[in-house]
Amino acid sequence: MDESAVIGQRVQRLRTGRGLTQRQLAEPAYTAAYISTLESGKVRPSETALRFLAERLGTTYEELATGRPARLATELRLALTDARRLLATGTLGEAAARYRELLAEAEELDLASERVEALTGLGECALESGELTAAREHFEAAERTLAAAGEPLPRRVRALRGRAVTHLLAGELRYACYLLEAAIDELNAQGLHDPDALVLLYASSIGPYMDMGAHARAAQAAELALALAPQVSDPALVAGMHRSVARTLLAEGRIAEADASLAKAQDLYQQLQTRTELAHCHWMRGYVHAQNGDLGDAERELRTAREMLAARSAALYTAQVEVELADVLRRRGKREEAVALLSRLLELGTDLGDGRGAVHAAGAHRLLGLIAEEEGADERAEEHYVMALALLERTGAAGDLADLCRLLGDLLRRTGRTEAALDAYRTGLGHRAAPGTTTLGPAPTAPPFRDSW
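Within each chain, residue numbers correspond to sequence positions counted from 1 in written order. Given that this is a predicted model, residues contribute local features only at a pLDDT of at least 70 and side-chain atom pairs are listed and counted only at 80 or more, while totals for whole chains, interfaces and linings are drawn from all residues. Side-chain numbers here rest on the full set of heavy atoms in the structure, without hydrogens or water.

1. Some details on the nonpolar core
The nonpolar side chains of a soluble globular protein tend to be buried with one another. Our working rule: The criterion is simple. A nonpolar core is a set of buried Ala, Val, Leu, Ile, Met, Phe, Trp, Tyr and Cys residues joined through side-chain atoms within 4.5 Å. Relative accessibility under 20% of the residue-type maximum defines a buried residue, over 50% an exposed one, and the middle range a partly exposed one, all with a 1.4 Å probe and only protein chains included. A contact between two residues is defined here by any heavy atoms of the two lying within 4.5 Å.
Counting residues in each nonpolar core, the largest one holds 123 residues, and the members touching the most others are Tyr 99, Leu 127, Leu 201, Tyr 202, Met 241, Tyr 317 and Tyr 385. Those residues in contact with Tyr 385 that sit more than four places away from it in its chain are Arg 366, Gly 369, Leu 370, Glu 373, Leu 404, Leu 407, Leu 408 and Leu 411.

Okay, structure coming up:
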């Protein structure tokens, strides 16, 4: 039975249930003949006609057009809001289970917007727990649903950004940059200067830029994000922007400003009770303290971040924090604890080097190499440096590659292998050939700054 016939039967059932004749239902806008034709399925009613008839029949346009009570869609949207809060303040397992239930309901009711919200929530749960393949599949499904519904790019940015982060955490830095930069260019080219979307994209691009050694481009993204921030209504988004911008301030040696930016983010997340993002703030503050030589404060902040992330079963993020913590422990002379932490991280269940966080697995091997050198175990140090290089070569993390090549070259030169050392140094110089750039071509076009945004 086609849709016109189904709607016609629905109108007839509701009309007779209310004891109305076709003429009583039709007047004053339509005729009894039109209602008869509509009920027989011979005409497809317009939206205007359905809204008129819905009011006369004491129902809603949505229920008359689809057969679904409007309250079901409203209840589902309320439940999705609760799931979003659960993702921010509860456990990942609880949030994921709730989103799966709501996804099934959205699909049963054929509600596209609610399906997208559930898919994106599932993607974010999987992202935090380190299930990158599952996360990517959820984000891609959300993007396909939005594209099929003809939704504009600003509506698709959250899912697109999630997909880019899965590539970033898998060590595919250049592709992550490409996705984010292409979206920025498309938004600006089409005149869709949506502040929320642009801040999310600029803030998300800072991480891969920094990992690639593209500090100039990271600084530009941070500047644009900060300029747009006053026009953003979402406090969680502003807080995320402040956390990302702190990385560029730190790279420029602006320690106090970086710490101030992180403090703003921390205050906002505390208000929102967003535990994972608050943990990220502790993580970044620990990194700031470590770079400033305040190792006791750094250890305290990083341990806090680690505990908060572990409590949420955010395995991949927890592993990344452990790399930072191990470096601080090494610098504080706690080598045994650092080695135990790094060894457990690489051996027990995190799969960091297998397409998941290769940059951070390389960081773990780099630290183990440094500790081995400090203990006079040159052969073991070389093994760790070589493993780290193998992990980084597919990521495009230029700064980390150059640093590792220097460490390996110094070790080879000190042990009398001059030619091998020169090769390592040359490789490192190649990765530093174009500081502050990526291989992606020109930076994305900056949006025009207008008071009317």
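2. Observations regarding the environment of Leu 408
Formally: Strands here are runs of E lasting at least two residues and helices are runs of H or I lasting at least four, both read from the DSSP assignment and numbered beginning at the N terminus.
By secondary structure assignment, the location of Leu 408 is in helix H22 (residues 398-414). Given a relative accessible area of 10%, Leu 408 falls into the buried group. Put simply, Leu 408 and Ala 381 are 27 residues apart on the chain and 8.7 Å apart in space, counted from C-alpha to C-alpha. If we skip the residues at most four places from it in the chain, Leu 408 touches Glu 382, Tyr 385 and Leu 389.

3. Topic: the pattern of salt bridges
Defined as follows: Here a salt bridge means any side-chain nitrogen of Lys or Arg lying within 4 Å of a carboxyl oxygen belonging to Asp or Glu.
The final tally for this structure, using the stated rule, is 29 salt bridges. The shortest N-O distance in the salt bridge between Arg 330 and Asp 327 comes to 3.3 Å. A residue pair is termed a helical-turn pair when its members lie 3 or 4 positions apart in one helix, as Arg 330 and Asp 327 do in helix H18 (residues 315-331) at three residues. Neither Arg 330 nor Asp 327 differs from the other in exposure class; each is buried. Among the salt bridges present, the one from Arg 413 reaches Asp 410, with a minimum N-O distance of 3.8 Å.

4. Considering the UniProt feature "coiled-coil region" (unreviewed entry) in the chain
As a reminder of what qualifies: UniProt positions are given in the numbering used here, feature names are shortened, and annotations may be inferred rather than shown by experiment.
Within this numbering scheme, the UniProt entry marks residues 92-119 as carrying the feature "coiled-coil region" (unreviewed entry). A distance of 14 Å separates the end C-alpha atoms of residues 92-119, which is 93% helix and 0% strand.

5. A closer look at the confidence of the model for the chain
Regions with low pLDDT should not have their predicted coordinates read in detail. Rules: Per-residue confidence from the predictor is given as pLDDT, running between 0 and 100.
When pLDDT is averaged along the chain, the result is 81; 84% of the residues meet or exceed 70. Per-element confidence in the chain ranges from a low mean pLDDT of 68 for helix H15 (residues 255-272) to a high of 93 for helix H9 (residues 132-148).

6. Notes on unusual backbone geometry
In this structure, Pro 28 follows Glu 27 across a cis peptide bond, with omega equal to 5 degrees. Examined against the element boundaries, Pro 28 turns out to sit in the loop between helix H2 (22-26) and helix H3 (32-39).

7. Observations concerning the packing of aromatic side chains
Cut-off, in case you're wondering: Aromatic rings from Phe, Tyr and Trp, taking only the six-membered ring of Trp, are treated as a pair when their centres fall within 6.5 Å; an angle between ring planes under 30 degrees marks them as stacked, one over 60 as edge-to-face, and anything in between as tilted.
All chains considered together, the criterion is met by three aromatic pairs. Between Tyr 30 and Tyr 34, the aromatic rings sit 5.1 Å apart at their centres with planes inclined by 20 degrees, giving stacked as the arrangement. Residue classification places Tyr 30 among the partly exposed residues on the basis of a relative accessible area of 22%. Judged by its relative accessible area of 22%, Tyr 34 is partly exposed. Every member of this aromatic cluster is reached through a ring pair, and the members are Tyr 30, Tyr 34 and Phe 52.

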